[in-house]
Amino acid sequence: MFAIYNKQLIFFLGCILFLCIPKFICSQNLVPNYSFEVADSCPYNQGQISYAHGWFNANTMYPSTTDLYHPCGTISLIPPNIFTGFQYPRTGLAFIGVGVYTIWLANSREYAEIQLIDTLTGGKSYYVEFYVALGNGLNLAISNIGAYFTNSILLNNNYTVISVIPQVENPNTVFLADTMNWMKVSGTFVANGGEKYITVGCFRDDSLINDSVIAQFGNNFNYSYCYIDDVSVIPVDSLQGIPEFTKTEISLYPNPVSNVLNIRSQKVFEKIIVHDGLGRKMLEINPTNNNFSIELSNFSPGIYFLEAIEPSGNRVVKKFVHSL
């Protein structure tokens, strides 16, 4: 029931997606396939990050199995309905999932690594950015996820932590605990020179990790699993004079909401669709202005996704909570 694309078609679709992104982002970002859109093969099981063109796991031993979620994959790997919950990509159609910490298996880690488009220049500053969302139902959150740069390929013939100091790391006091929205991890560093590879993941030993149980429902709260999308490495000097690229903003309030959800946006959307936590369509409307409200009193309590579709086909997805 789901189409399986061949390698050439997937590559073509990925290239089209890249061409739709503003030129300055494509020309400045040194991370190829930064949004995991280009797939050499369609994922049919866990642990197939290598199917995303150029990417691989720095750990080579099971159970370190970084996952690729792509629309050409099998059912449980097709966003937004995936085996770890419900999540839309931040941009495009794909993203990956990385196990960053568990108390069940000491120092167990998964990583995502790729060779950069160009070698970094010594003494030059680079801006690093990627986005993280905590997997639904896997509610042990940590703060210590970062990016590590190396001159040569980084491979660990094990499933355990790679104990190094990443050049960029999320602040220790900021938990990556949001299962609803994509959280930005970013920073700048000065290259030593010769760095060719970026690896993303958790590089701290268990004893040095700052963790927090944000909810204890289900059986998986002792495991922290994060989705990752939109990885960027950009020379700082190339950012000067470049206009900021922002997606169309849309605001939902109040959130959580009990009866009436107010929607405010920069433009009039062609269509608004509300999905429940299982991805089922609950409501569809065609708004006539950019300032309106929808009635939700008949909705059951839970997490919902509002998908706003522009006339061009671009979409913005926001999550909200319906409470009693």
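The rules behind these values
- Residues numbered from 1 in each chain as written.
- Predicted model: local features only at pLDDT ≥ 70, side-chain atom pairs only at ≥ 80, totals over all residues.
- Heavy atoms only, no water.
- Helix = DSSP H or I, 4+ residues; strand = E, 2+ residues; numbered from the N terminus.
- Buried < 20%, exposed > 50% of the residue type's maximum accessible area, 1.4 Å probe, protein only.
- Contact = heavy atoms within 4.5 Å.
- Pairing = 2+ DSSP bridges.
- Core = buried A, V, L, I, M, F, W, Y, C linked by side-chain atoms within 4.5 Å.
- Axes fitted to C-alpha atoms, helices over the stretch in contact; angles between N-to-C directions.
- Disulfide = S-S within 2.5 Å.
- pLDDT = per-residue confidence, 0-100.

Student: What exactly am I supposed to notice about the environment of Gln87 here?
Tutor: One can find Gln87 in the loop between β4 (85–86) and β5 (95–102). With a relative accessible area of 1%, Gln87 lands in the buried category. Residues contacting Gln87, with those up to four places away along its chain left out, are Pro79, Pro80, Phe95, Ala133, Thr179, Trp182, Tyr227 and Lys319.

Student: Could you clarify how one ought to interpret the pairing of strand β18 (residues 291–295) in this entry?
Tutor: If a strand is regular, its side chains alternate between the two faces of the sheet. Across the two faces of β18 the burial differs, with Phe292 and Ile294 buried and Asn291, Ser293 and Glu295 not buried at all. With five bridges joining them, strand β15 (residues 260–265) and β18 adopt antiparallel strand pairing. Pairing of Val260 across the sheet is with Glu295, part of β18.

Student: Before we go on, may I ask you to explain the nonpolar core in this structure?
Tutor: Nonpolar side chains in soluble globular proteins tend to be buried together. Trp55, Phe130, Val132, Phe149, Ile198, Val231 and Val233 are the most contacted members of the largest nonpolar core, which totals 42 residues. Contributions of two or more residues to this core are made by β5, β6 (112–115), β7 (125–142), β8 (146–150), β10 (183–190), β11 (197–201) and β13 (223–235). When residues in this core are grouped by element, the largest group, eight residues, is from β7. Leaving out residues up to four positions away in the same chain, Val233 has contacts with Gln28, Asn29, Leu30, Val31, Leu116, Tyr126, Tyr127, Val128, Phe149 and Ile198. One finds Val257, Leu261, Leu306 and Ala308 within the second-largest nonpolar core, a separate group that totals 17 residues.

Student: Quick question: what am I supposed to make of the environment of Thr66 here?
Tutor: Take Thr66: it is sitting in the loop between α2 (23–28) and β1 (67–69). Distance in space between the C-alpha atoms of Thr66 and Ile49 is 5.7 Å, their sequence separation being 17 residues.

Student: Before we go on, may I ask you to explain the sheet that holds β15 in this structure?
Tutor: Whether parallel or antiparallel, the strands of a sheet pair through hydrogen bonds between backbone atoms. Sheet architecture is open: three strands sit in the order β14-β15-β18, paired in antiparallel fashion. Bordering the open sheet on either side are β14 (250–253) and β18, each of which pairs with just one other strand. If you compare each strand with its neighbour and ignore which way they point, the axes differ by 20 degrees on average.

Student: Just checking my understanding: could you explain the state of the cysteines for this structure?
Tutor: Applying the stated criterion across every chain yields a total of one disulfide. Disulfide pairing places Cys42 opposite Cys72 at an S-S distance of 2.5 Å. Taking the sign of the S-S torsion, -125 degrees for the link of Cys42 and Cys72, the bridge is left-handed. In this pair, Cys42 sits in the loop between α2 and β1 while Cys72 sits in the loop between β1 and β2 (77–78), placing the two residues 30 residues apart along the sequence.

Student: Even after reading the chapter, I still don't get the confidence of the model for the chain, so can you show me in this structure?
Tutor: Detailed reading of the predicted coordinates is not advisable wherever pLDDT is low. Model confidence for the chain is summarised by a mean pLDDT of 84, while 85% of its residues fall at 70 or above. Taken as a whole, residues 241–246 scores under 50 in pLDDT and shows six contacts with residues more than four places along the chain or in a different chain.

Student: Is there a simple way to explain the sheet that holds β11 in this structure?
Tutor: The strand order across the open sheet built from four strands is β6-β11-β8-β9, with neighbouring strands paired in antiparallel fashion. Two strands close off the open sheet at either side, each with one partner strand: β6 and β9 (168–169). Relative to β11, β8 is paired through five bridges, and the arrangement is antiparallel. Pairing of Phe149 across the sheet is with Ile198, part of β11.

Student: Mind showing me how you'd approach the environment of Pro43 here?
Tutor: Locating Pro43 in the fold gives a position in the loop between α2 and β1. Take Pro43: its relative accessible area is 1%, and that puts it in the buried class. Each C-alpha atom of the pair Pro43 and Cys72 lies 7.4 Å from the other, and the pair is 29 residues apart in sequence. Setting aside its immediate chain neighbours within four residues, Pro43 contacts Gln48, Tyr51, Leu68, His70, Cys72, Gly73, Thr74 and Leu77.

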